[in-house]
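# Structure at a glance
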Amino acid sequence: SNNFRAGITTYESGYRAPPGTTWNNIKAYKNKQSGLFQHGTNNINLVGGLLADNNEAARNFHHEWAIYDGVEIIGRSQHVQDLIDQGRISISDPVCGKSGGISLQPNEGMGHGTTIQNCKFSGFDRGCTGGKNA
């Protein structure tokens, strides 16, 4: 986790990976903003892995030929909810705030887009409750 932009970032002018580039079982959790932020990036296949307890799981900003396959995406895990209920995390903490899934922002228009398959989404229906800040 970190207080910068994201746990994992590829940024402008972008990472132009060779077609079929695969990142296996990445894990990004408890980040102030995105768990994964890809800007102007091409050809990344994410296979397996975990994006959890981030302000936003992943942001694809003009990312073409992206594939999310079998990634587990958790808005707020039971562990973080327990910490909130115990008063150990403030409800203003970024991992408690807006929990977004995968954000797709085409910016300049995308001809090839993003594929999301075999992924599991959970923990997006929790309100910030409990703890000393309730």
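A few points on the structure. (Residues numbered from 1 in each chain as written. Predicted model: local features only at pLDDT ≥ 70, side-chain atom pairs only at ≥ 80, totals over all residues. Heavy atoms only, no water.)

A few words now on the sheet that holds strand β2 (residues 16-24). If you trace the four strands from one edge of the open sheet to the other, you get β2-β5-β8-β11, paired in parallel fashion. Each end of this open sheet is capped by a strand with a single partner; those strands are β2 and β11 (114-117). Taken over all neighbouring pairs, the strand axes of this sheet differ in orientation by 5° on average, direction set aside. Here strand β8 (residues 66-69) runs beside β11; their pairing, made up of four bridges, is parallel. What sits directly across from Ala-66, in β11, is Thr-114. (Pairing = 2+ DSSP bridges. Helix = DSSP H or I, 4+ residues; strand = E, 2+ residues; numbered from the N terminus. Axes fitted to C-alpha atoms, helices over the stretch in contact; angles between N-to-C directions.)

Attention shifts here to the environment of Glu-56. Inspection of the secondary structure assignment puts Glu-56 in strand β7 (residues 56-61). Once the C-alpha coordinates of Glu-56 and Tyr-29 are considered, the two residues, 27 residues apart in sequence, prove to be 9.9 Å apart. A polar contact of 3.0 Å, which involves the side chain of Glu-56, links it to the side chain of Arg-59. (Polar contact = N/O pair within 3.5 Å; in protein donor to acceptor, adjacent residues only side chain to side chain.)

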